[in-house]
Amino acid sequence: MPFIPCAPGRKALNHADSFVSDLKPTQASNSESKQVPLCVDLDGTLIRSDLLAEALLRFVRHHPLRLFSLLGWLLQGRAVLKARLAEVAPPPASLPPVNQEVLDRMNLARQSGRPVLLVTASHEKMLGSVRSLFAFDEVLATSDSVNLKGSHKADLLVERFGEMGFDYVGDSWADLPVWEVAREAVVVGGGSLAKAAEGRAKVGSVIPKSGPGLMGWLKGIRVHQWSKNILIGLPLFAGHHFSLQNLLLLAVAFMAMNLCASATYLWNDLLDLDHDRQHRSKRKRLAASGRAPLATVMGVSMVLVLSGLIGAFLVDVGFGLLMVGYIVATLSYSLCVKRMPIADIFLLTFLYLLRIVGGVLVISSALSFWLFAFSFLLFLSLAGAKRYVELQVQVRNGADEIQGRGYRVSDMPLVLALGLASGVASCIVLGLYSNSPKVTALYHAPEWFWGICVIALYWICRIWFLTHRGFMRDDPVVFALKDRGTWILGFIGLACVLLAQPIMNA
C-alpha cells in the first residue's frame, strides 16, 4: 500500500489555519480602528469661545430691559434657557475663531476614513453655519428637552457607539464622564484638567491652550488708555491748589478711575464681539480673538470695577457716586448710545468731562465755568475726530456704514464741520479766559498766557489736518500723547505758563 503523507499535510494545513486565524483579528482590529468615530466638542474646543455665553451677551445688548426673563428661563432648565436664547439672540453669520489644532485632527481623521461627529452642549438652533462649514458626518446637540452635557452626553454616545467605541475631544471638567467611557480622550487644555482626565481615562494627547499672558491682559484692559485719566489733575493745576494731601488723594482717585475704566473697556468688548471680529484691529482683542474665555474676561472686569469703586468711595463719597455714574454712562454707551449719531459724540465728551469733575470733587474746589466750557468744546472736537477716523476706514474698505454705529460715509462732511468748529470754539473760550480777571488773579504776568491760546489753536488745526489726511489713529487723545509735535507744543505752552509767573495756592 502506497504511503500517503496525510498527517504531515494535515499538520501543515492546521498551521496555515492557525496563521490565518491569527491574522484576521489583527486586520479586523485595524479596520475597526479606522471606523471608530471621532466625536468633537464645540465650545472651547473646536471654537475659541462659548455660543451660550455669546448668546447671553447678544441678548443683554439687544434686550437690556428683559434681563429678568433669563431667570425665568433658567428655572425651567438649562435646555429651555438655551432654546429661548437661540430664538431671541440668533447667531451671527461669522463664526468665532477656530482652534486650528483641533481642526487639523478632524481633517486627519477624515483622511483615514473615520466619521467625525460634532457633539455639543450648545443648542441645535445656536449652531448657525457650523454644520455647513465643517461638514460633519453627524451633529448631536442640545434639544429643547435635553441639555447634552456631562453624563447626558456620555450616555448618548455609549448608546450610539458602545463603551470604548469612540474617541472624544473636549476641554472642560464636564467632559470627564465622557472621557471615562471613550476609547481615547483628547484634552484641549492642560494643568489640573489634564491630570484629572489621566486619572479617569486613557488620554491620547493634550492640546494646550495658549492664554494672553500678562502683556495680553495689560493691553486688554487698555493700560495705555489710563493716560486719559490724567485729566483728573487738571483742576489742581488750573486753580493752583497744590498741597501734599491733594496730590495723594488725586493719586488714589487716579488709580480708582483707571480700574473702573478698564472694567468698562472689557464690558464693551464683550457686548461688541460680533462687530469687533469684523474690525481690522479690534478682532485681536481678548474676547473677540478667543485668547481668553468670556467668563474669565467677565470675572476680571468685576474684580476691577469692585476694586475701583472701593478706592473711589474711600477717597470721597461724592467721587464714589461720580464713578457709579461714569459706569452707568459707559454701559449706556455700549448698549445703545453708540448706535445713535451725534448723541454718541456728546456722551463721549461728557465722559471726558466727568474726569475733570472728579478732580474738582477730590480736591474740594469749585468747577470753573471757563474750564468747563473749554474742556467741553475741546473734547467734543476730539470725539468727532474719533468718529471721522472710523468713517475713513469704511471708505477704504468700500463700505457705506460703520459696523455697530449709526453713521454713513455721507456723514463725513458733517462730522468734519462739527469737530473743527468745536475745536476752534474751544480756543476762542481760552482766549476770552486769558483776558479775564481770573487770569489776573492767578498770574503775575498774564500777558504771557496769550501764547497758550495761539498754541492751542495751532494744535487743534494740526490734529484735524492729520485726521483729514488719514494719519490719525483710532483715538486722538492717545495719539496726541504719543505725538512728537504735541509734546513740542506742550513744552512751549509750559514755558508760557512759567513766564506768566503763576501765583501758588491762589
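Residues numbered from 1 in each chain as written. Predicted model: local features only at pLDDT ≥ 70, side-chain atom pairs only at ≥ 80, totals over all residues. Heavy atoms only, no water.

## Description of the pattern of salt bridges
Rules: Salt bridges are identified by distance alone: a Lys or Arg side-chain nitrogen within 4 Å of an Asp or Glu carboxyl oxygen. Under the DSSP-based scheme used, a helix requires at least four consecutive residues in state H or I and a strand at least two consecutive residues in state E, with every element numbered from the N terminus. Per-residue accessibility, obtained with a 1.4 Å probe over protein chains only, is compared with the maximum for each type, and a residue is labelled buried under 20%, exposed over 50%, and partly exposed between these values.
Under the counting rule described, the total for this entry stands at 19 salt bridges. Across the pair Asp274 and Arg58 runs a salt bridge, and its minimum N-O distance is 4.0 Å. Residue Asp274 is found in helix α13 (residues 273-276), and its partner Arg58 is found in helix α2 (residues 51-62); the two are separated by 216 residues along the sequence. Neither residue differs from the other here; Asp274 and Arg58 are each classed as buried. When the shortest N-O distance is used, the salt bridge between Arg200 and Glu180 registers 2.5 Å. Highlighted residues: Arg200 in helix α9 (residues 192-200) and Glu180 in helix α8 (residues 176-180), separated in sequence by 20 residues. For Glu180, a relative accessible area of 32% corresponds to the partly exposed category.

## What to know about helix α18 (residues 369-397)
Every α-helix carries 3.6 residues per turn, so stepping three or four residues along brings you back to the same face. Put simply, the rule is: To estimate how far a helix should extend, the number of its residues minus one is multiplied by 1.5 Å. Each polar contact in these results corresponds to two N or O atoms within 3.5 Å; when the atoms are within protein, one needs to be able to donate a hydrogen and the other to accept it, and residues that are neighboring in sequence are counted only if both atoms are side-chain atoms.
Between its first and last C-alpha, α18 extends 43 Å over 29 residues, near the 42 Å set by a 1.5 Å rise per residue. Across the 29 residues that make up α18, a large majority, 23, are buried. Where α18 starts, the residue carrying a side-chain oxygen 3.2 Å from the main-chain nitrogen of Trp370 turns out to be Ser368.

## A short note on the nonpolar core
Formally: We define a nonpolar core as any set of buried Ala, Val, Leu, Ile, Met, Phe, Trp, Tyr and Cys residues linked to one another through side-chain atoms lying within 4.5 Å. Any pair of residues with heavy atoms lying within 4.5 Å of one another is described as a contacting pair.
Counting 89 residues, the largest nonpolar core has Phe319, Met323, Leu430 and Trp459 as its most contacted members. Tallying contributions element by element places α18 first for this core, with 14 residues. Apart from residues no more than four positions distant in its own chain, Phe319 is found in contact with Ile232, Ala253, Ala256, Met257, Ala312, Gly358, Leu361 and Val362. Among the nonpolar cores identified, the runner-up in size contains 31 residues, and Val40, Ile47, Phe134 and Val188 belong to it.

## A short note on the environment of Ser332
Tracing the chain through its elements places Ser332 in helix α16 (residues 317-335). A C-alpha to C-alpha distance of 9.3 Å links Ser332 and Leu347, two positions 15 residues apart in sequence. A polar side-chain atom of Ser332 sits 2.9 Å from the main-chain carbonyl oxygen of Val328.

## Description of the packing of aromatic side chains
Test applied: A pair of aromatic rings is counted whenever rings of Phe, Tyr or Trp (Trp by its six-membered ring) have centres within 6.5 Å, and the orientation is called stacked for planes under 30 degrees apart, edge-to-face for over 60 and tilted otherwise.
Counting across every chain of the model gives 15 aromatic pairs. In this structure an aromatic cluster arises from ring pairing among Phe369, Trp370, Tyr433, Tyr443 and Phe449.

## Side note on the pairing of strand β5 (residues 184-188)
The following threshold applies: Here, strands pair whenever DSSP counts at least two bridges between them. For crossovers, right-handed means that the path from the first strand over the helix to the second runs clockwise, given strands pointing away from the viewer.
Counting buried residues in β5 gives four out of five residues, a clear majority hidden from the surface. Bridging between strand β4 (residues 167-170) and β5 involves four bridges; their strand directions are parallel. When the bridges of β5 are listed, Gly170 appears paired with Val187. Regarding topology, α9 serves as the crossover connection from β5 to the parallel strand β6 (residues 203-207), and that connection is right-handed.

## Looking at the side chain of Asn246
Counting through the fold element by element, Asn246 comes out in helix α12 (residues 244-271). Residue classification places Asn246 among the buried residues on the basis of a relative accessible area of 13%. Apart from residues no more than four positions distant in its own chain, Asn246 is found in contact with Leu236, His241 and Ile363.

## Some remarks on helix α19 (residues 412-434)
For α19, which comprises 23 residues, the first-to-last C-alpha distance of 33 Å matches the rise-based estimate of 33 Å (1.5 Å per residue) to within 8%. Residues of α19 that are buried: Met412, Val415, Gly419, Ser422, Gly423, Ser426, Cys427, Val429, Leu430, Tyr433 and Ser434. Its buried side turned inward, α19 meets α18, α20 (437-442) and α21 (450-469).

## What about a positive patch on the surface?
Formally: A patch consists of residues exposed above 30% relative accessible area that lack any salt bridge, with like charges linked at up to 9 Å and nonpolar side chains (Val, Leu, Ile, Met, Phe, Trp, Tyr) linked at up to 5 Å. To be clear on the numbers: accessible area is Shrake-Rupley with a 1.4 Å probe, and residue cover counts the displayed protein chains and nothing else. Here Asp and Glu are counted as negative and Lys and Arg as positive; His is not counted, and neither are the chain ends. Lysine's charge is taken at NZ, arginine's at CZ, aspartate's at CG and glutamate's at CD.
Side chains of Lys219, Arg283, Lys284 and Arg291 sit close together on the surface and give a patch of like positive charge. Within the fold, Arg291 resides in the loop between α14 (286-289) and α15 (294-315). Under the relative-accessibility criterion, Arg291 is labelled partly exposed at 33%.

## Digging into the packing of helix α17 (residues 343-363) against α18
Quick reminder of the rule: Structural elements are reduced to axes, namely lines fitted to C-alpha atoms, with helices fitted over the stretch in contact, and the angle between N-to-C directions of any two is expressed from 0 to 180 degrees. Small angles under 35 degrees read as roughly parallel and large ones over 145 as roughly antiparallel, with 65 to 115 read as roughly perpendicular and the rest as oblique. Crossing handedness follows the turn of the near helix against the far one: under a right angle anticlockwise gives a left-handed crossing, and clockwise gives a right-handed one.
Their axes nearest at 8 Å, the elements α17 and α18 cross at an angle of 135 degrees. Considering the angle they form, α17 stands oblique to α18. Regarding α17 and α18, the two cross each other, and that crossing is right-handed. Contacts between α17 and α18 involve Asp344, Ile345, Phe346, Leu348, Thr349, Phe350, Tyr352, Leu353 and Ile356 from the first element and Leu371, Phe372, Ser375, Phe376, Phe379, Leu380, Ala383, Gly384, Lys386 and Arg387 from the second.

## Looking at the confidence of the model for the chain
Going by this rule: Predictor confidence is given residue by residue as pLDDT, running from a minimum of 0 to a maximum of 100.
Per-residue confidence for the chain gives a mean pLDDT of 85, with 91% of residues at or over 70. Ignoring residues within four places in sequence, the model shows residues 1-31, a span with pLDDT below 50, making zero contacts including any to other chains.

## Regarding unusual backbone geometry
The backbone phi angle of Ala135 is positive, close to 50 degrees, even though this residue is not glycine. Positionally, Ala135 belongs in the loop between α6 (130-134) and β3 (138-142).

## Details of the sheet that holds strand β1 (residues 38-40)
The pairing of strands in a sheet comes from backbone hydrogen bonds and takes either a parallel or an antiparallel form. Reading across from one edge, β3-β2-β1-β4-β5-β6 is the order of the six strands in this open sheet, with parallel pairing throughout. What marks the edges here is a single partner per strand, and that holds for β3 and β6. The mean inter-strand angle of the sheet, taken between neighbouring strand axes irrespective of direction, is 15 degrees. Relative to β1, helix α5 (residues 100-111) is tilted by about 155 degrees, and along the sheet it contacts β1, β2 (116-123), β4, β5 and β6.

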